[in-house]
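Structural features, examined
So you can see what is in the structure, the chains are spelled out below.
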Amino acid sequence: MDYVVALGRRQRKRQDLHQRLLDVSKRLFKERGIARTTVDDLAEVADVARQTVFNHFPYKEAIAVELASEGIQRVAQRAHALLEAGVSALDVLERTAEWVLDAALEDGELAVVVARELLHPDPGRALRAAQQVPLREIFEAILVQAREEGAVRNDLPVDVVASRIAAVLRSIIAQVLGSDVEQLRRELTVCFDMVFNGIRDRSN
């Protein structure tokens, strides 16, 4: 029993430290920017050893990805609420992409770092990012609902469609720094117009 209590206490302490590192990172990233914030900076402000940071995050960009995951979870919850309220799934799909873009425009450098991680040439890093920022899975769930509503062609694999939409969104997000906001929104609108023209079930 003492072992179980001690194990639980250690786990809570680790979780508390993990959250402290996230909070410190969020503040420093906002104040200094991600590129100008080093792991040494994070360790110093959090009052921990440099290795402690690496015990929680294998590289600095992994912190950015985890910070972004909170926003993506909120987007997924909003999308789910709209579906539950009876809004058509294709409308929810487009709104969800717009929310992701809005969040990226607000996050700036953080969003660009996350987009690069999602496209990272190292499969392990790309997978880690995709698990924490599951754009494809969110879009796929909405597309499954759209198919149940009879709005999407039955001959199209929704996982492939979701992957293509996520890829388009990632490429747009990667441009949010220094790009014209209206141009990015226009690009997203055009992409969705092309997607919708290709996936709509016109037999109904």
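Report follows, based on the coordinates. Keep in mind the model is a prediction, meaning the values are calculated, not measured.

A few words now on the overall build of the chain. The helix and strand inventory of the chain stands at ten helices and zero strands. In sequence order, the chain lays out its α and β elements as α-α-α-α-α-α-α-α-α-α. By the burial criterion, 42% of the 204 residues in the chain qualify as buried. Of the contacts formed within the chain by residues at least 6 apart in sequence, a portion of 67% connects residues at least 24 apart. With an accessible surface of roughly 11,500 Å², the chain has 50% of that area assigned to carbon and sulfur atoms.

Okay, the pattern of salt bridges next. Following the criterion strictly, the structure yields nine salt bridges and no others. Among the ionic pairs, Asp 40 bridges to Arg 50, the shortest N-O distance being 2.8 Å. Of this pair, Asp 40 sits in helix H2 (residues 39-46) while Arg 50 sits in helix H3 (residues 50-56), and the two are ten residues apart along the sequence. Assessed through its relative accessible area of 45%, Arg 50 is described here as partly exposed. Overlapping salt bridges, with partners in common, bring together Glu 61, Glu 117 and Arg 125 in one network.

A complete count under the given rule lists zero aromatic pairs for this structure. The ring of Trp 99 has Arg 78 lying over it, and the distance from NZ or CZ to the ring centre is 3.9 Å.

On to the environment of Asp 159. Structurally, the position occupied by Asp 159 is in helix H9 (residues 158-173). A relative accessible area of 35% places Asp 159 in the partly exposed class. Along the backbone, Asp 159 and Ala 130 are 29 residues apart, and their C-alpha atoms lie at a distance of 14 Å. Setting aside anything within four residues of it in sequence, one finds Asp 159 in contact with Arg 136 and Glu 140.

Rules used in this analysis
Residues numbered from 1 in each chain as written. Predicted model: local features only at pLDDT ≥ 70, side-chain atom pairs only at ≥ 80, totals over all residues. Heavy atoms only, no water. Helix = DSSP H or I, 4+ residues; strand = E, 2+ residues; numbered from the N terminus. Buried < 20%, exposed > 50% of the residue type's maximum accessible area, 1.4 Å probe, protein only. Contact = heavy atoms within 4.5 Å. Areas by Shrake-Rupley, 256 points an atom, 1.4 Å probe, with all protein chains shown as cover. Salt bridge = Lys/Arg side-chain N within 4 Å of Asp/Glu carboxyl O. Phe/Tyr/Trp six-rings, centres within 6.5 Å; stacked < 30°, edge-to-face > 60°. Lys NZ or Arg CZ within 6 Å of the ring centre and 35° of its normal.

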